[in-house]
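One-letter residues, chain by chain:
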Amino acid sequence: MKIENIGSKIIGIGEVTVLPGETKEIPKAYETSPILEVYRQCGAARITGNPPTAYRNPSSDEEERAVAREKAAAKEREVSKERAAVKKKAESEKKADVKGAEDGKRAADEAETLRQTRLAMLNGISEDGLIKLAGDLGINFADCKDSADMLVKVEEALKK
């Protein structure tokens, strides 16, 4: 019997070490070892040759196939659930993007309306109102020469 290491880890069977990609003869004393079946089942090794009858168990082979089929079906169900979750998340994000864009447009429209209203109220604004509006716009009234200079700076800020 021979063992081929098809995994990425080193396999040890008695005195024999099988590196990934290597094929070696299995020692006679280990031909009936259950570890060979473990290596085969986990996909780490490919066993070739006829194992002794003590090692063969046709009923366990069928059970293994049934277990493998069930595992594959469970994996497929899991993948389907993951795909559905990803699809649902993508749809949710798309809706959020659309809503966010609508909210952003609405906020921009409100800001523009406020700017236009403030520009319109500059005509005949009191000095206290002008100082408050300048403060709201981040203009320091101490940096202005007089109220006319402050009015010019407020208008410039509102036109931006």
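The preceding data block contains the structure.
Nothing here was measured: the structure is a model prediction, and the numbers come from that model.

## A word on the overall build of the protein
Moving on, step 1. Along the protein, the regular secondary structure elements total four helices and five strands.
Moving on, step 2. The secondary structure elements of the protein, listed N-terminal to C-terminal, are β-β-β-β-α-β-α-α-α.
Moving on, step 3. Considering only C-alpha atoms, the protein reaches an extent of 105 × 30 × 20 Å along its principal axes.
Moving on, step 4. Burial analysis of the protein (160 residues in total) assigns 19% to the buried set.
Moving on, step 5. In the protein, the proportion of contacts linking residues at least 24 apart, taken out of those at least 6 apart, comes to 37%.
Moving on, step 6. Between the mean site of the 29 positive side-chain charges and the mean site of the 30 negative ones, the protein shows a separation of 5 Å.

## A word on the sheet that holds strand β5 (residues 45–48)
Moving on, step 1. Read from one edge of the open sheet, three strands run β4-β1-β5, paired in antiparallel fashion. Across the chains shown, the open sheet's two edge strands, defined by having one partner strand only, are β4 (23–25) and β5. Within the sheet, the average angular offset between the axes of one strand and its neighbour, ignoring direction, is 25 degrees.
Moving on, step 2. Judged from the three bridges that link them, strand β1 (residues 2–5) and β4 form a sheet pairing that is antiparallel. Residue Glu-4 lies in a different strand from β4, and its bridge partner there is Thr-23.
Moving on, step 3. Along the sheet, helix α1 (residues 34–41) makes contact with β1 and β5, crossing β5 at roughly 125 degrees.

Conventions we followed
- Residues numbered from 1 in each chain as written.
- Predicted model: local features only at pLDDT ≥ 70, side-chain atom pairs only at ≥ 80, totals over all residues.
- Heavy atoms only, no water.
- Helix = DSSP H or I, 4+ residues; strand = E, 2+ residues; numbered from the N terminus.
- Buried < 20%, exposed > 50% of the residue type's maximum accessible area, 1.4 Å probe, protein only.
- Contact = heavy atoms within 4.5 Å.
- Lys, Arg positive; Asp, Glu negative; His and termini not counted.
- Charge placed at Lys NZ, Arg CZ, Asp CG, Glu CD.
- Pairing = 2+ DSSP bridges.
- Axes fitted to C-alpha atoms, helices over the stretch in contact; angles between N-to-C directions.

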